[in-house]
Amino acid sequence: MIREIIRMKDNGLSNSQISKSLGKSRTTIIKYLSAIETSGFCAKELLELQEADLSELLEGCNEVAPLEREEIHKDLYSFFSYVEKELKRIGVTRKILWNEYKIKYPQGVMYSQFCEHYKKWNHKSEGYMPCTHKAGEKLFIDYAGKKLHIIDKETGEIKPLEVFVATLGASQYTYVEASFSQQIPDFIGCVQNSLHYFGGVPACIIPDNLKSAVTKSNRYEPHVNEQFACFASHYDTSVMPARALKPKDKSLVEGAVKITYTKIHAALRNKEFYSIVELNLAIRELLVIYNQSPFQKKPYSRMELFLEIEKDALKPLPVEKYELRDYKIATVQKNCHVYYSSDKNYYSVPNAYMGKKVKLVLTQSTVEIYHNQTRIALHPRSRKAYHYVTVKEHMPVNHTYNADWSPEYFINWAEKTGASVKEYIEKILNQKQYPEQGYKSCVGILNLAAKTGKDRLNSACKRALSYDAIGYNPIKNILEKGLDKEETQPDLFNVSVSNHDNIRGSKYYA
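Now for a look at the structure at hand. Model, not experiment: these values are computed from the prediction.

### Let's talk about helix 9 (residues 184-198)
1) Next: Helix length check: helix 9 (15 residues) gives 21 Å between terminal C-alpha atoms against 21 Å at 1.5 Å per residue, within 8%.
2) Next: By the burial criterion, the buried members of helix 9 are F187, I188, C190, V191, Q192, S194, L195, Y197 and F198.
3) Next: Following helix 9 by one or two positions, G199 adopts a phi angle in the positive range, close to 80°.

### Focus on helix 12 (residues 276-292)
Note: α-helices contain 3.6 residues per turn, so residues at a spacing of three or four share the same orientation.
1) Next: An ideal rise of 1.5 Å per residue puts 24 Å on 17 residues; helix 12 measures up with 24 Å between its terminal C-alpha atoms.
2) Next: Taken residue by residue, helix 12 has I276, L279, N280, A282, I283, L286, L287, Y290 and N291 as its buried positions. Looking down the long axis of helix 12, one finds its buried residues gathered within 165° of arc, a one-sided arrangement. Among the exposed residues of helix 12, those oriented more than 90 degrees off its buried face are V277, L281, E285 and I289.

### A few points about the packing of helix 14 (residues 407-417) against helix 15 (residues 419-431)
1) Next: Taken N-terminus to C-terminus, the directions of helix 14 and helix 15 make an angle of 155°; their axes are 7 Å apart at the nearest point. The angle between helix 14 and helix 15 falls in the class roughly antiparallel. Here P407, F410, I411, A414, E415 and T417 of helix 14 come into contact with helix 15, specifically with V421, K422, I425, E426 and L429.

### Details of the nonpolar core
1) Next: Residues F187 and F228 are the most contacted members of the largest nonpolar core, which totals 49 residues.
2) Next: Of all hydrophobic cores here, the second largest spans 25 residues; its members include I445, A449, L457 and C461.

### Considerations on the sheet that holds strand 9 (residues 326-331)
1) Next: Overall, antiparallel pairing links the four strands, which are arranged 9-12-13-14 in an open sheet. The open sheet has two edge strands, strand 9 and strand 14 (374-380), and neither has a second partner. Across the sheet, the mean angle separating the axes of adjacent strands is 25° when strand polarity is ignored.
2) Next: Examined bridge by bridge, strand 13 (residues 366-371) and strand 14 share six bridges and lie antiparallel to one another. Bridging across to strand 14, T366 finds its partner in P380.

### Overview of the pairing of strand 12 (residues 357-362)
1) Next: Note: strand 9 against strand 12, six bridges, orientation antiparallel. Counted as the bridge partner of I329 is K359 from strand 12.

### Comments concerning unusual backbone geometry
1) Next: Positive phi values are uncommon outside glycine, yet Q172 reaches one of about 60°.
2) Next: Along the chain, Q172 falls in the loop between strand 3 (158-168) and strand 4 (174-179).
3) Next: The partly exposed category is assigned to Q172, whose relative accessible area is 23%.
4) Next: In this structure, D236 takes a positive phi of about 55° despite not being glycine.
5) Next: Examined against the element boundaries, D236 turns out to sit in the loop between helix 10 (226-234) and strand 8 (238-239).

### Describing the pattern of salt bridges
1) Next: The tally for this structure, following the rule as stated, stands at seven salt bridges.
2) Next: In this structure, the salt-bridge partner of K359 is E226, at a minimum N-O distance of 2.4 Å. Residue K359 is located in strand 12, and its partner E226 is located in helix 10; the two are separated by 133 residues in the primary sequence.
3) Next: Residue E226 is classed as partly exposed on the basis of its relative accessible area of 37%.

Parameters and conventions
Residue numbering note: each chain is counted from 1, following its sequence as written. Where totals are concerned, whole chains, interfaces and linings use all residues; where local detail is concerned, this predicted model gives features only for residues with pLDDT of at least 70, and gives and counts side-chain atom pairs only at 80 or more. Side-chain metrics in this entry use all non-hydrogen atoms of the structure; hydrogen atoms and water are not considered. Numbering of helices and strands runs from the N terminus, with a helix taken as a DSSP run of H or I at least four residues long and a strand as a DSSP run of E at least two residues long. The span expected for a helix works out to 1.5 Å for each residue beyond the first. Burial status follows relative accessibility: with a 1.4 Å probe on protein chains alone, a residue under 20% of its type maximum counts as buried, one over 50% as exposed, and anything between as partly exposed. The arc in question is traced by the directions running from the helix axis to the C-beta atoms. Between N-to-C directions, angles cover 0 to 180 degrees, with each direction set by a line fitted to C-alpha atoms, over the stretch in contact for helices. Any angle between 65 and 115 degrees counts as roughly perpendicular, while under 35 counts as roughly parallel, over 145 as roughly antiparallel, and the rest as oblique. We call two residues in contact whenever any of their non-hydrogen atoms come within 4.5 Å of each other. Among buried residues, the Ala, Val, Leu, Ile, Met, Phe, Trp, Tyr and Cys ones that are joined through side-chain atoms within 4.5 Å form a nonpolar core. Paired strands, in this sense, are two strands between which DSSP finds at least two bridges. Salt bridge criterion: a side-chain nitrogen from Lys or Arg within 4 Å of a carboxyl oxygen from Asp or Glu.

The following block contains the structure:
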């Protein structure tokens, strides 16, 4: 390098040009040129010297003796383990740490050399400089490729289990859990358990591109799964999916996954487990040992580093755990209710939204109904099939849908069909908390007259009244089986119950 500096300078190149050509700082080039000039030799004489003589000549011109320089470098490199740890703290920079270094070692190197030597010291592999993660900033999550398993006691069947791994960026403090699947309930449950294991929430969560986390992957704007986005909002954190096919984006958790194979998978390979709870307890015990073991080339462990720099940097957990939500788009019916098919029940909506599309958001205990991102109704969740959950204020004034539909409208319509039909319609309207809840059944029953005739419908209603079977389906079944013409007992056990007729508790249902 020295020969190249002499040659280039003799050819008339500037200090900046020599610096760019050799990849050395301009300050370094000036230092050597100054030493060359002080030596008293011309360029030609210097180039004719042997390497040992040339090196000895310029070493003699340096202000720092070789032994002293060696001592400075020794102190510098011993300081770097402290630098690596402190850089993980929020707001700490290399400039701040260099100032601390100069206070401790006044004869130490300048800032540019400090950074250069730290880069060499921290060099892990050719062409790759590892990222320094700030404390409390990132949580990397992933699933291990190799699975664990449990054994079904009754059948002896081996059931494979997914292995979830989460690692904090700064301390590499790790959480591992077995789950039945990678589906949304299991996935969100694992992430939630990891946050409570760490005792805090990081600024962002970095998942892989599995469907439970990312609905549609994209290098610049990935679409985060709605459930997972709500979970992140509840815990006041954000989701930053790793780029597809870019393992370096989550290299820490990739490394943690490999370590779990040796620390957990291998340790459990000869043991049998008959429940997922039993397996996770065994994993938790091994996890404590893993986190408490020192790093390979460092004098501290993941747990020590976590307690020292990262635990206090995490945001506090919310008071309540996240409740998994279910989402459904529904149309507000003419009875001012929306139907939720999973529970087979109805929830009221203000009558102004009749006929409009709304979004249901359901937790284990509540039902929220939204229209254009605005919540228009909130109900306690009902588990009773065919049950109406109704707020009185949601019903139209005078309990009318529009100018046509009203209790009087259906009673007058039924009266034209027959006395038994009228009585039957009155019973349907009276058994509901609000008459609107029975309008659909009334329309269905009265429209049967066009198919079967008024006389048959009147007979069917009379037969249903004798068994106290109220609803559309009892009438339909009586007509289909011809029981309105016969005096035989109807087949009570083959009566299907529609989504909008609740006949539980009646004699007919019994």
